[in-house]
Amino acid sequence: MSTTVLPSLSPLLPARLPLPVPRSGVAGEARRALQQWLADLDRGLARAFDEGGDAGVLAARRAAAIDNLLEHVWVASLGEPRDAALFACGGYGRGLLFPHSDVDLLVLVDQGDAGRARALEQFLATLWDIGLKIGSAVRNATQCRELAAADLSVFTSLMDARLIAGDASLQREVEVILEAPELWPPRAYLEARIAERDARHARFDDTTYQLEPNLKDGPGGLRTLDALRWLARRLLGESGFDGLVRRGWLDPAERDTLLQAQATLWRIRFALHLEAGRPEERLLFDYQRALARRLGFEDEHSSNLGVEQFMQSYFRAATQVERLGVQLTERFDELFDDPDDCHRLNADFASRAGRLTLVDPELFIRRPQALIEIFVVRLEHTEVVGLAAETMRRIHQAIAHHGEALADSPEVLAALIDLLRRGPVAVDALWRMNRFGLLTAMLPPLARVFGRMQYDLFHVYTVDEHTMRVLRNVARFAEPSSAQAFPLAHQLMSGLPKPELLLLAALFHDIAKGRGGDHSVLGEMDAREFCRRAELDADDTELVAWLVRWHLLMSETAQRRDITDPLVVQRFANEVADWERLDHLYLLTVADIIGTSAKLWNSWKDRLLRDLYTSAHYVLRSDSEATPHASVRAQSTRDQAMARLISEGLDPAAIETVWDDFPQASFLRHKLAQICQQTRAILRADGAVPVVDVQPVSVRGCTDLFVYAEDRPGLFATITATLDRLRFSVMQARILNSRHQRALDTFLLLDADTQAPASAERAVELQHAIEKALRHPAAAKPARRGLSRHQKYFQSPPRIAFSTVGRLTQLALVSSDRPGLLAAVAQAFEEAGVNVHDARIATFGERVEDFFMVSGGDQAALDLTTQESLLHAILARLGNRR
């Protein structure tokens, strides 16, 4: 029988367990009493937790209480059979039950009979009736053995099996299965556990740092701790971390680190179950803010929210579990190494079965720069597969021993700079150093953002993980395989004379996040201080500091400004000042965007940044701040387009007839290829309007939609509503009026689902849909779609600002993203009688920053009355929905 007793937790818990009875007589009343007792138990545990109770203690006491409950129901249903026993499995078998965890049970029977089968059905049905979530299996010993031999999870569940009630002699049947040498011998068990871990982690992109991590199955989660205990038991016969300390496999500090991290994860899991009201293991956005409040985290300022502090506590705990989990698993694996496979690599390091070891165990204490040198040795010796577990331990111990002195050691800083001067290959070493906590020890500002999330949908990873991914992207650009996907980045990366400067800028570009000020300005100060201590020369220091300060300049200019405007390019080039900065800034910008979220990178942004780079490069080469007059630039584009179209056999007079209707802005704002394509489309129509032309893949890296139609109020709204219904995202819109009051509208589009240009089939569908909408504009309504699960947790009121730019008004809209947003804004323009001339659409995770150039009915800037009317019309359609 189970030896647990109902814990005396506090007056919050029910004091007496009502005795259940079988399904006869007053069984219904008895079950209701059990339901009430169970509800009282869980309410008491929840209150005890909210009053500061330890999650591990409470989970253990819930398990003990359920032990007693199950024993009572078992006896009431089956009596005391001599050939059947009830075992707890899984987490329950380990003596823990969180508020909504399943109660996993194994009923082991010696032989079957109809009477017992009915009694077992009654037993399990009673448990379901009173509200327990049961996972159960009824097997005999032979079935258990067969399943355990075939399935790692079944074998492991038997390792956790704990007798609750019934025939105690059957416990030996379980022990016989576990002791069978042919069932999952140690090496096979280890290999299977590693394979299971790798497959599980692959589902989470092999990183602890997810916006919505799984605290049970994700890297560094509770399953990692369970697996370490299973391995310790199977390979060493030890049941817990204390046993590993006695055997010398963990030192006391490492054990304490694991136990502290486990306590943090248990506390979060307990709170998550209470908050979700079900056995949820994912830290979804739905719960993160509420969990932060429940666990006592408060907002410090807008750059250090309570929810961000809470998630940082999770990420730090998970990272500690992951680091020590890797170390212990490596040590288990070393049990099967060939002891004779050992040779010296240099004076300080040796290889044992392909794992790096120390010749002198005190090397890292004696020469702290060797903490970096060992990773250099691994780069140089490709036959080495990793670090020995003892070496990993020595690294952790040395970091703790040296403490803050690592950041101030000239020898350590010199070794780090030497590593960086190896260029892109150094990134692999930096990544591994970060996994050991070595980078954060050498760079204290990086330690502050270790595990730091940003509570939005734009930044997919924590700051430190994002930094590592940016570094990896930089290294990727140098690989020959990147020449096709990133031709400009590959060319520039290959030509950098000092790639270490770009690596340093990548390391520091976000290092000041969360401090409450402009992270670019604060990061520049950190970068300068580091360069000073590392004794970089003045020019190198200046480049690194400038890149950190202005690392957002290129992306913001490209996505928020009209880069076809020479003045915009000129101002950007003036800020950059020289080619060296431009090359480095382009590389850092592309690496930063991809490292923020792979979903942010698309052909549109690729083309946009390359265009800005090329235009700025030309300006810097010209060594002049003067820009050609608009009429000169327009005439140049016109002459080039005419030459190209004539070469295709088109009639110059017909071309001029078309262009007589084009405003000068067409030749200023459109690329040469676009002018030619628009002209061809109008000529093919032979005077008929509307003209709808779709180029699936244009020179701008998007699908190019051109509409030439009679201008009318609401035309922009009609087109955007149709695009929304077809699930196209608008990257940019150019709305021009011809001399004969026709609209020359150009939209650059990406498929909303794939973020890629449209397929040929989708392009045809788009053309037909726009043509139909222009014939029947009243039928063109935006699709009605609700907010996604993610979006609804990141809604904030729209912010709208007006400013006068020449004869037009610029409307800047900053808003939470939502389905149909652009179509809704277009309807507001129609309602307020406002004309749209230009639109730039930029989406950053859950936030959009859209800029529109608009005018009133008189084609002039909006007066205050019209601005107020438009403001109300937009807010009425967007509001602050949740």
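Each value, and the rule that gives it
Residues numbered from 1 in each chain as written. Predicted model: local features only at pLDDT ≥ 70, side-chain atom pairs only at ≥ 80, totals over all residues. Heavy atoms only, no water. Helix = DSSP H or I, 4+ residues; strand = E, 2+ residues; numbered from the N terminus. Expected span 1.5 Å × (residues − 1). Buried < 20%, exposed > 50% of the residue type's maximum accessible area, 1.4 Å probe, protein only. Polar contact = N/O pair within 3.5 Å; in protein donor to acceptor, adjacent residues only side chain to side chain. Axes fitted to C-alpha atoms, helices over the stretch in contact; angles between N-to-C directions. Parallel < 35°, antiparallel > 145°, perpendicular 65-115°, else oblique. Contact = heavy atoms within 4.5 Å. Nonpolar A, V, L, I, M, F, W, Y, C, P; charged D, E, K, R; others polar. Salt bridge = Lys/Arg side-chain N within 4 Å of Asp/Glu carboxyl O. Pairing = 2+ DSSP bridges. pLDDT = per-residue confidence, 0-100. Lys, Arg positive; Asp, Glu negative; His and termini not counted. Phe/Tyr/Trp six-rings, centres within 6.5 Å; stacked < 30°, edge-to-face > 60°. Lys NZ or Arg CZ within 6 Å of the ring centre and 35° of its normal.

1. What to know about helix α29 (residues 579-596)
Between its first and last C-alpha atoms α29 spans 26 Å; for 18 residues at 1.5 Å apiece the expected length is 26 Å, and the two agree. Within α29, 16 of the 18 residues are buried, which leaves the element mostly enclosed by the surrounding structure. Capping of α29 at its N-terminal end is provided by D578; its side-chain oxygen lies 3.1 Å from the backbone amide nitrogen of E580.

2. Focus on the packing of helix α13 (residues 306-334) against helix α16 (residues 389-402)
At a minimum axis separation of 8 Å, α13 and α16 run at an interaxial angle of 150°. Considering the angle they form, α13 stands roughly antiparallel to α16. Facing α13, whose interface residues are L324, V326, Q327, E330, R331 and E334, α16 presents A389, E390, M392, R393 and H396. Of the residues belonging to the contact of α13 with α16, the class tally is four nonpolar, two polar and five charged.

3. Side note on the pattern of salt bridges
Counting across every chain of the model gives 67 salt bridges. The closest approach of N and O atoms between R422 and E380, which form a salt bridge, is 2.8 Å. Highlighted residues: R422 in the loop between α18 (410-420) and α19 (426-435) and E380 in helix α15 (residues 370-380), separated in sequence by 42 residues. Residue classification places E380 among the partly exposed residues on the basis of a relative accessible area of 48%.

4. Quick notes on the sheet that holds strand β4 (residues 162-166)
Read across the open sheet, the four strands follow the order β3-β2-β1-β4; overall the sheet is mixed. Of all the strands in the sheet, the pair left with one neighbour each is β3 (134-139) and β4. For this sheet, the mean angle separating the axes of adjacent strands, direction not counted, is 25°.

5. Digging into the sheet that holds strand β6 (residues 349-352)
Reading across the sheet, the four strands line up as β5-β6-β7-β8 and stay open at both edges, with mixed pairing between neighbours. Two strands lie at the open edges of the sheet, namely β5 (342-344) and β8 (386-387), each paired on one side alone. Summarising the sheet, β6 and strand β7 (residues 355-358) pair through four bridges and their orientation is antiparallel. Counterpart to R352 in the pairing with β7 is R355.

6. Notes on unusual backbone geometry
The residue after V689, namely P690, is reached through a cis peptide bond having omega 5°. By secondary structure assignment, the location of P690 is in the loop between α34 (672-685) and β9 (691-695). For A577, which is not glycine, the phi torsion reads 85° and is therefore positive. Here A577 shows up in the loop between α28 (566-576) and α29. The exposure class of A577 is partly exposed, given its relative accessible area of 47%.

7. Here we look at the packing of α28 against α29
The geometry of a pair of packed helices is captured by two quantities: the angle between their axes and the separation between those axes. The interhelical angle for the contact between α28 and α29, taken along N-to-C directions, is 105°, at an axis separation of 8 Å. What the angle tells us is that α28 and α29 run roughly perpendicular. Contacts between α28 and α29 involve F572, E575 and V576 from the former and R581, L582 and L585 from the latter. Across the contact of α28 with α29, the residue classes tally to four nonpolar, no polar and two charged.

8. Here we look at the confidence of the model for the protein chain
The share of residues in the protein chain with pLDDT of 70 or more is 93%, and the mean pLDDT across the chain is 88. Across residues 1-13, confidence stays below pLDDT 50; counting only partners more than four residues off in sequence or on other chains, it has 38 contacts. Across residues 20-26 the pLDDT falls below 50, and counting only partners more than four positions away or on other chains, this stretch makes 17 contacts in the model.

9. Section: the side chain of D850
Counting through the fold element by element, D850 comes out in strand β16 (residues 847-855). Here D850 occupies a buried position and makes no salt bridge, while the nearest side chain of opposite charge, R560, is found at 9.3 Å. When neighbours within four sequence positions are excluded, D850 is seen to be in contact with L811, A812, L813, L821, R840, I841 and A842.

10. Things to note about the packing of aromatic side chains
Any pair of aromatic rings gets described here by the distance separating the centres and the angle formed by the planes. One pass over the full model with this rule turns up 19 aromatic pairs. Taking the centre distance of 5.4 Å and the plane angle of 85° together, the rings of W74 and F123 count as edge-to-face. Of the two residues, W74 sits in helix α2 (residues 55-78) while F123 sits in helix α4 (residues 114-129), which places them 49 residues apart along the sequence. In this pair, the class of W74 matches that of F123, namely buried. Residues F706 and Y708 carry aromatic rings whose centres are separated by 6.5 Å and whose planes lie at 15° to one another, so their mutual orientation is stacked. You can call F706 buried: its relative accessible area is 2%. Relative accessible area serves as the criterion here: at 5%, Y708 is assigned to the buried category. Chaining the aromatic ring pairs together yields one cluster made of F49, F98, W266 and F270. The lysine or arginine in question, R762, covers the ring of F728, its NZ or CZ lying 4.2 Å from the ring centre.

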